[in-house]
Amino acid sequence: MSTVSAPPKSLMKPMVFPQKLMMGPGPSNCPPRVLNACAMPILGHLHPEFTQIMDEVKEGVKYMFQTKNEWTVCVSGTGHAAMETACCNLLESGETTLVCCNGLWGERFSDMALRNGAVVKRIERPMGEVFTLGEIEEGLRKYCPSVLFITHGESSGSTLQPLEGIGALCHKYNCLLLVDSVAACGGVPMYMDKWEIDVLYTGSQKVLSAPPGASPISFSPKAKAKVQGRKTKIRSWYFDMNELANYWGCDDGPRRYHHTGPINCVYALREGLARLAEEGLEKSWANHRHCVEELWEGIEKMGLQLLVKDKANRLPCVTGVKVPNGVNWKEVSDYAMKNHRVEISGGLGQQAGKIWRIGIMGYNATPDNVRRVLRALDDALKFTRGQASSKL
Ligand code: GLV
């Protein structure tokens, strides 16, 4: 009789992959070119052909971020890994960070900073609202933080935070500016160097339309100097930027083995960045804008309201739509998935149950997809309202 347990029956069946149109806050659909890249032969994580691809990825990220920073790499992990990297490299125990919190990402960063022993101070706005320069300056003056965290595209509240002027303000108060642009970069203007951003990161599965798994991040010379001048060791071995910068060929030394990067995710990311480079940043920003204007118009024509009133503060990549009284958001979203194979997501945190979130990102940013999601939402609403009135 065998001494091992039975093999799992679930693994004896093929996996199931229905075609879905991913119109939530990410992941977005990957174009065939990106998926094909995932299927290319594996290379060693230090083979010259792979380090060449890593160098091309770095060039693409510098273009996407509009930066010349030497310390520009990809973290092996999703956007949260990039957030952890920023947090554990920039903050030492006992240092103060000021977190601008208007949604989930400020909450998450606060938690990470506390876990790294930092003192966390916060300025807050309700989800769906953004910060003014005046509010930020008051916080900088009051708390004298060494790092200010702000979210560019707050996907949970569907806001686009204006960034111009914040870097200069932070530097006036001897503070570094850290920006989360996971849900915005590539779809809206970004000028890392011109806007004096010290650390910026994004994700691969949003505007870049690549699978999650390798996340771009860049450190300004000021941020690099802070990391290199730390009194204490970086708490995470895996996310230590000194090591990652070497592995990504950002210093003069030969690349050392640090960890085995997600090889095929890096191929896919390279193709996502190549698509963006071929399209051109300005065209990509304009295309997202054009598509989302059509979405907003269609939603308002259906008699629905958008969460963010001021157009200038709406995130083109993720739109928050208020769920009308008496409608169950999940029934609508489930109907859209079941009958149209379209993903429409729900809210997070304080907006859970109160909004739907519709994403328009990268490969999915086309007028056809906008019309498809509008049709799915309209049809789902009519169906659930019909169900509700038939029960009365
Ligand atoms: C993820 O980025 C989300 O906003 O749900």
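Residues numbered from 1 in each chain as written. Predicted model: local features only at pLDDT ≥ 70, side-chain atom pairs only at ≥ 80, totals over all residues. Heavy atoms only, no water.

Student: For this particular structure, what's the right way to read the confidence of the model for the protein chain?
Tutor: In the predicted model, the protein chain carries a mean pLDDT of 97, and 100% of its residues have values of at least 70. Predicted as a complex, the structure gets a pTM of 0.97 and an ipTM equal to 0.89. (pLDDT = per-residue confidence, 0-100.)

Student: Just to check I follow, could you spell out helix 4 (residues 104-115) for this structure?
Tutor: Helical periodicity: at 3.6 residues per turn, an α-helix aligns residues three or four positions apart in one direction. Taking 1.5 Å per residue as the helical rise, helix 4 with its twelve residues ought to reach 16 Å, and the 17 Å between its terminal C-alpha atoms agrees with that figure. The secondary structure elements touched by the buried residues of helix 4 are helix 3 (79-90), strand 3 (96-101), strand 4 (119-124), strand 5 (147-151), strand 6 (153-154) and strand 8 (176-180). Looking one or two residues past helix 4, Gly117 carries a phi angle of roughly 85°, positive in sign. (Helix = DSSP H or I, 4+ residues; strand = E, 2+ residues; numbered from the N terminus. Expected span 1.5 Å × (residues − 1). Contact = heavy atoms within 4.5 Å.)

Student: Please clarify how the UniProt feature "modified residue: N6-(pyridoxal phosphate)lysine" (unreviewed entry) in the protein chain should be interpreted in this entry.
Tutor: The UniProt entry lists Lys206 under the feature "modified residue: N6-(pyridoxal phosphate)lysine" (unreviewed entry), expressed in the numbering used here. Considering the arrangement of structural elements, one finds Lys206 in the loop between strand 9 (199-201) and strand 10 (214-219). Judged by relative accessible area, which is 9%, Lys206 ranks as buried. Engagement of the side chain of Lys206 in a polar contact is seen with the backbone oxygen of Pro25, the distance being 2.6 Å. (UniProt positions renumbered as here; feature names shortened; annotations may be inferred. Buried < 20%, exposed > 50% of the residue type's maximum accessible area, 1.4 Å probe, protein only. Polar contact = N/O pair within 3.5 Å; in protein donor to acceptor, adjacent residues only side chain to side chain.)

Student: Help me out: how do you make sense of unusual backbone geometry in this one?
Tutor: Among all residues save glycine, negative phi is the norm, and among peptide bonds the norm is trans. Residue Pro27 is bonded to the preceding Gly26 through a cis peptide linkage, with omega at 0°. Locating Pro27 in the fold gives a position in the loop between strand 1 (21-22) and helix 1 (32-38). The phi dihedral of Asn174 falls on the positive side, at around 60°, and the residue is not glycine. Inspection of the secondary structure puts Asn174 in the loop between helix 6 (166-172) and strand 8.

Student: Please clarify how the sheet that holds strand 13 (residues 345-346) should be interpreted in this entry.
Tutor: Strands belonging to one sheet form pairs held by backbone hydrogen bonds; the direction of such a pair is parallel or antiparallel. Across the sheet, three strands lie side by side as 11-14-13; this open sheet has antiparallel pairing. Whereas interior strands pair on both sides, the edge strands pair on one side only; in this sheet they are strand 11 (318-322) and strand 13. One ladder, built from five bridges, connects strand 11 with strand 14 (residues 355-359); its direction is antiparallel. Note on strand 14: the bridge partner recorded for Val318 is Gly359. Contacts from helix 10 (residues 281-301) reach strand 11 and strand 14, with the element oriented near 5° to strand 11. (Pairing = 2+ DSSP bridges. Axes fitted to C-alpha atoms, helices over the stretch in contact; angles between N-to-C directions.)

Student: Which parts of the structure should I look at to understand the site of the ligand?
Tutor: Within the structure, the ligand sits among Pro25, Trp105, Ser155, Lys206, Leu348 and Arg357. Within the contact set of the ligand, an oxygen atom lies 2.8 Å away from a side-chain nitrogen or oxygen of Arg357. Taken by itself the ligand offers 190 Å² of open surface, and the protein chains cover 78% of this. Partitioned by chemical class, the residues of the shell around the ligand number three nonpolar, one polar and two charged. (Near = heavy atom within 4 Å. Areas by Shrake-Rupley, 256 points an atom, 1.4 Å probe, with all protein chains shown as cover. Nonpolar A, V, L, I, M, F, W, Y, C, P; charged D, E, K, R; others polar.)

Student: Got a minute to help me understand the nonpolar core in this structure?
Tutor: When a protein is soluble and globular, its nonpolar side chains tend to lie buried together. Among the nonpolar cores identified, the biggest contains 80 residues, and Ile136, Leu148 and Ile150 are the most heavily contacted of them. Contact partners of Ile136, with chain neighbours within four places excluded, come to Cys100, Ile123, Phe131, Leu148, Ile150, Ile166 and Leu169. The next biggest cluster of nonpolar side chains, apart from the first, holds 28 residues, and it includes Leu304, Val321, Val332 and Ile344. (Core = buried A, V, L, I, M, F, W, Y, C linked by side-chain atoms within 4.5 Å.)

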